[in-house]
Amino acid sequence: MANVNADADVVGALRAAGCVFAEEEAELLAAAADDAAHLAALVARRAGGEPLEHVVGRAEFCGLRLQVGAGAFVPRRRTEFLVSEAVAGAPDRPDPVVLDLCCGVGALGAAVAARLGAGVELHAADIDPAALAYARLNVAPYGGRVHEGDLYGALPGGLRGRVDVLVVNAPYVPTGEIPLLPAEAREHEPAVSLDGGPDGLDVHRRVAAGALPWLAPGGRLLIETSERQAPLTAQALEAGGLTVRTAVSEEYWATVVIGVRPA
């Protein structure tokens, strides 16, 4: 890309649009621009409310640079806690099977595979073909395979009983709270990645109910939730036949419910 400078006018336009970190965003936009006209177009998109990650086409997550774009859910920093918990509990062998369900752009699967290293068998599945276009790019460096469909219905039968680490960042915002989300999310990210139904846990219950046949003995399901919803998420995993605990991080302001298939 061309060497385009972000001048005071760019910073001023971003600050006027309400961007708190206007200087940093200006540098990222300039780095993504081909020339001054392109930079002006990118600034206009950002000032118009598009997520920065959509505008520049990438997101930073767990030290990885992931491909994202218009219509895709942007990985959140709090979800890095789920990655840490998944890696800490992964089996100590060179060929674990990792499944990123409701994968979106494949951030969780890519990050877990990157930390576990070569030998991981990585699968990612989602119902949204637009998100999967980015997921294919993001999991490719780890040999990841992408499947399109509704939850477990997307998966090849050969995965049954083999999944060691099942990571899930399914939608868990209650339908009635969607209007309270920041405009960046509710106007630019797909509703299927945000709306979890009346109490936010519709997808959690479906994931929990179907997990057991896919997990290997001792396999773990890790699902992000909120501190308020965690007891209900835990109940769903228990009803699904898993042994459950909840992990909370004050640093990431994140809650993860973990269910283990009995060995």
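Each remark here, short or long, concerns the structure printed above.
On a predicted model such as this, the values are computed, not experimentally measured, just so you know.

About the cut-offs
Residues numbered from 1 in each chain as written. Predicted model: local features only at pLDDT ≥ 70, side-chain atom pairs only at ≥ 80, totals over all residues. Heavy atoms only, no water. Axes fitted to C-alpha atoms, helices over the stretch in contact; angles between N-to-C directions. Helix = DSSP H or I, 4+ residues; strand = E, 2+ residues; numbered from the N terminus. Parallel < 35°, antiparallel > 145°, perpendicular 65-115°, else oblique. Left-handed = near helix turned anticlockwise from the far one by under 90°. Contact = heavy atoms within 4.5 Å. Core = buried A, V, L, I, M, F, W, Y, C linked by side-chain atoms within 4.5 Å. Buried < 20%, exposed > 50% of the residue type's maximum accessible area, 1.4 Å probe, protein only. Pairing = 2+ DSSP bridges. Salt bridge = Lys/Arg side-chain N within 4 Å of Asp/Glu carboxyl O.

Participant: Is there a simple way to think about the packing of helix α1 (residues 8-16) against helix α3 (residues 36-47) in this case?
Facilitator: For any two helices packed against each other, the geometry is given by the interaxial angle and the distance between the axes. As a packed pair, α1 and α3 sit with axes 9 Å apart at the nearest point and diverge in direction by 15°. Taken as axis vectors, α1 and α3 run roughly parallel relative to one another. As for the relative orientation of α1 and α3, their crossing is right-handed in sense. Where α1 abuts α3, its residues Val-10, Ala-13 and Leu-14 lie against Leu-39, Val-43 and Arg-46.

Participant: Which parts of the structure should I look at to understand the nonpolar core?
Facilitator: Generally speaking, soluble globular proteins have nonpolar side chains that are buried together. Counting 36 residues, the largest nonpolar core has Phe-61, Val-83, Val-165, Val-167 and Leu-222 as the members making the most contacts within it. Counting only elements with at least two residues in this core, the list comes to β1 (58-61), β2 (64-67), α5 (80-88), α6 (107-116), β4 (121-126), α7 (129-139), β6 (163-168) and β9 (254-260). The biggest single contributor to this core is α6, with six residues. In contact with Val-167, other than residues within four places in its own chain, are Leu-82, Ala-86, Leu-99, Asp-100, Leu-101, Leu-108, Val-112 and Leu-222.

Participant: When you look at the sheet that holds strand β8 (residues 243-249) in this model, what are you seeing that I'm missing?
Facilitator: Paired through backbone hydrogen bonds, the strands of a sheet run either parallel or antiparallel to each other. Pairing is mixed in the open sheet, where seven strands are placed in the order β5-β4-β3-β6-β7-β9-β8. The sheet terminates laterally at β5 (145-148) and β8, the two strands that pair on one side only. Each strand of the sheet is rotated relative to its neighbour by a mean of 20°, with strand direction disregarded. Note that strand β3 (residues 97-101) and β6 share four bridges and pair parallel. Residue pairing in the sheet places Asp-100 in a bridge with Val-167 of β6. Of the strands in this sheet, β3, β6 and β7 (215-225) are in contact with helix α9 (residues 202-211), which crosses β7 at around 175°. Seen against the sheet, helix α10 (residues 230-239) touches β7, β8 and β9 and runs at an angle of roughly 15° to β9.

Participant: Before we go on, may I ask you to explain the pattern of salt bridges in this structure?
Facilitator: Oppositely charged side chains are able to pair whenever their charged atoms sit close together. Per the stated rule, a full pass over the model turns up 17 salt bridges. The salt bridge involving Arg-145 is made with Glu-121; its shortest N-O contact spans 3.7 Å. Linking Arg-145 in strand β5 with Glu-121 in strand β4, this pair joins segments that are 24 residues apart in sequence. A salt bridge links Asp-199 to Arg-205, with the nearest nitrogen and oxygen atoms 2.5 Å apart. Several salt bridges converge on common partners, so that one network encompasses Glu-25, Arg-46 and Glu-184.

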